[in-house]
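Observations on the three-dimensional arrangement
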Amino acid sequence: MALRLGTWWLLVTARALAQDSVSDDRTTRTDTTLTLSEAATPTGSYRSVTSQKIQETDDPSSILADNSTISAATQTITSKIPTILTGSSKTTTTIPSSGVTKTFSPTPAPTNTQLCNNYVEFCTRKYSNVTEIACHNSPFITPNNVAANQQYAVNQQLDDGIRFLQAQIQWPSNATQPHFCHTSCDILDAGPITGWLTEVKNWVAQHPFDVVTILLGNGNYSKPSLYAPYIEQSGILRYVYTPPYAPMNLTSWPTLSEMILSGQRIVMFMDYMANQTEYPWLLDEFSQMWETPFDPIDTTFPCDVQRPPNLAKADADNRLSLVNHNLNIHLSVLGADVLVPARGDLNVTNNVTGAGSLGLGADNCVTQWRRAPNFLNVDYYNLGGFPGSVFEVAARMNNVTYNRKCCGVSVTGDAAKQLDPRRIGTIIYPLAALASSWLLV
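Let me sum up the structure you'll find in this document. Everything quoted here is computed from the prediction, not taken from an experiment.

**With respect to the overall build of the protein chain**
- Scanning the protein chain from N- to C-terminus turns up 10 helices and 18 strands.
- Evaluated residue by residue, the protein chain yields a buried proportion of 51% over its 441 residues.
- Of the contacts made within the protein chain by residues no fewer than 6 positions apart, 71% connect residues no fewer than 24 positions apart.
- By element, 53% of the accessible surface of the protein chain is carried by carbon and sulfur atoms, the whole surface being about 20,400 Å².

Structure representation (structure tokens):
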């Protein structure tokens, strides 16, 4: 039976993309092999939000309300963000009968030394007050395919410091479950979603002090009920965060330490068709986050809101932000126009300084919005001006020091191993200290 013309065209294009002869120089902007044009921006229905609604949660006590009052011993402190004390002052008391002056040093409150998302400073920060590097199209690591966006698999991405993973879900023709697919499943199919989600779940289970965000692109604009059973099958819901409100604004989010102590350490968004009434753990992206231009080819990377469209500045100021800093080009293959990463420019695109760099783009966002962006979405995070340059940019946004090794360096050993019972004490003690420092303020 003859193939339909559209299917034949996709297969030929996919075969060309996967050939070894298609190397990085084919993904560098030239006048002969490439056709530059804007990508078709995904679109769909955007929710109009006028107020927050309280969501049903399994454990509503896991999150402190803003301005909540915490009592410990004789102390009563009202604060929007739990504070970890790093020392204590001396108290001087004069006994009237003897005229003797004595100085007492009260027992210092616990000091947290446990890292949260690789930095001790992040533990007391709200989820909405941290800048993380986002892994654009995390599952798409197929070797010798110019449509791939990353070099390392998801376990290594997380080991290297990635805490935001983005991927697109589609239903391949005649498939029995959804897959991660790039543009079309005929061009790049990373396999069923359950395997990748299980890997993320296993990594999170072995790293009890880390909070990970997943953004699922709904490539087929399918109802979430078609995806939910396969997400649940991975076991990842054990760690997924269910917010108390829909939507969440910047001040509604808990601190990382609160999320860690509650055990809900995976935040899961879907860009289109999310239904938080039916699935309160699957967050509607664009009522809680905005994005800069999708799949940019403009090397100036403007920090303007593209999605959701026509978002008022006051509303944008109160939402999370995702900066798409992944330079793309359209590669013309046998008449088909295919969007691929501009790998030849990564030393500039992922650098800390210079025109077109991630560092300059992030700085421009700070200037324009008067706050640091939340997520910096990049291709090939391991490449740039130097190994770890993208993480250096995030560290600057967070006002912390980046001193980790990058990239492709295993820091967890065999990712397939279950949690060693001998390590339980090393986990329970920091958790207790974290809880104490959170409550005894």
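So, next bit.
**Focus: the packing of helix H8 (residues 358-369) against helix H9 (residues 389-398)**
- Closest axis-to-axis distance for the H8/H9 pair is 9 Å, and the angle between their directions is 25°. Considering their axes alone, H8 and H9 lie roughly parallel with respect to each other. Judged by the twist between their axes, the crossing of H8 over H9 is right-handed. Here H8 contributes Leu 358, Gly 359, Ala 362, Asp 363 and Val 366 to the contact with H9, which in turn contributes Val 390, Val 393, Arg 396 and Met 397.
- Taken together, the residues of the contact of H8 with H9 sort by class into 6 nonpolar, 1 polar and 2 charged.

**Quick look at unusual backbone geometry**
- The amide bond that connects Ala 246 to the next residue, Pro 247, takes the cis arrangement and shows omega of -5°.
- Relative to the assigned elements, Pro 247 resides in the loop between strand E11 (245-246) and helix H5 (256-262).
- The omega torsion across Cys 406 and Cys 407 is 0°, close enough to zero to call that bond cis.
- For Cys 407, the location among the structural elements is in the loop between H9 and helix H10 (424-439).

**Considering the packing of aromatic side chains**
- What the rule picks out here adds up to 14 aromatic pairs.
- For the pair Trp 253 and Phe 269, a centre-to-centre distance of 6.4 Å together with 55° between the ring planes defines the contact as tilted. Linking Trp 253 in the loop between E11 and H5 with Phe 269 in strand E12 (residues 266-270), this pair joins segments that are 16 residues apart in sequence.
- You can call Trp 253 buried: its relative accessible area is 1%.
- The exposure class assigned to Phe 269 is buried, which follows from its relative accessible area of 0%.

**Focus: the environment of Gly 361**
- Within the secondary structure, Gly 361 is located in helix H8.
- Along the backbone, Gly 361 and Thr 349 are 12 residues apart, and their C-alpha atoms lie at a distance of 9.4 Å.

**Quick look at the pairing of strand E15 (residues 320-324)**
- Burial runs high along E15: 5 of the 5 residues are buried.
- Across the two faces of E15 the burial is the same, with Leu 320, Leu 322 and Asn 324 and Ser 321 and Val 323 all buried.
- Pairing of strand E14 (residues 289-291) with E15 involves 3 bridges; the strand directions are parallel. Its bridge partner being in E15, Glu 291 is matched across the sheet by Leu 322.
- Strand direction decides the pairing type here: E15 and strand E18 (residues 375-378), joined by 3 bridges, are parallel. By the bridge assignment for E18, Leu 322 is matched with Phe 375.

**Side note on empty space enclosed by the protein**
- Under the definition given, this model contains 6 cavities of 30 Å³ or more.
- For the largest cavity, the lining is made up of 15 residues, of which Tyr 119, Glu 132, Gly 161, Phe 391 and Ala 394 are closest to its centre.
- For the lining of the largest cavity, the secondary structure elements donating two or more residues are strand E6 (132-135) and H9.
- Considering each element in turn, the lining of the largest cavity owes the most residues, 4 residues, to H9.
- Residue classes in the lining of the largest cavity are distributed as 7 nonpolar, 5 polar and 3 charged.

**Thoughts on the state of the cysteines**
- Under the criterion given, the structure shown has 4 disulfides.
- Note on cysteine connectivity: Cys 181 is disulfide-linked to Cys 185, with sulfurs 1.9 Å apart. Handedness of the Cys 181-Cys 185 disulfide follows from its S-S torsion of about 100°: it is right-handed.
- Here Cys 406 engages in a disulfide with Cys 407; their sulfurs sit 1.2 Å apart.
- When its relative accessible area of 14% is taken as the criterion, Cys 406 is described as buried.
- The class of Cys 407 is buried, set by a relative accessible area of 15%.
- For the protein chain, the bonded cysteines pair up as 1-2, 3-4, 5-6, 7-8 when numbered in the order they occur along the sequence.

Criteria and cut-off values
Residues numbered from 1 in each chain as written. Predicted model: local features only at pLDDT ≥ 70, side-chain atom pairs only at ≥ 80, totals over all residues. Heavy atoms only, no water. Helix = DSSP H or I, 4+ residues; strand = E, 2+ residues; numbered from the N terminus. Buried < 20%, exposed > 50% of the residue type's maximum accessible area, 1.4 Å probe, protein only. Contact = heavy atoms within 4.5 Å. Areas by Shrake-Rupley, 256 points an atom, 1.4 Å probe, with all protein chains shown as cover. Axes fitted to C-alpha atoms, helices over the stretch in contact; angles between N-to-C directions. Parallel < 35°, antiparallel > 145°, perpendicular 65-115°, else oblique. Left-handed = near helix turned anticlockwise from the far one by under 90°. Nonpolar A, V, L, I, M, F, W, Y, C, P; charged D, E, K, R; others polar. Phe/Tyr/Trp six-rings, centres within 6.5 Å; stacked < 30°, edge-to-face > 60°. Pairing = 2+ DSSP bridges. 1 Å grid on protein atoms, 1.4 Å probe; cavity = no way out; pocket = protein on both sides within 12 Å on 5 of 7 lines; lining within 4 Å. Points joined across faces, edges and corners; volume = space filled by probe spheres on them. Disulfide = S-S within 2.5 Å.

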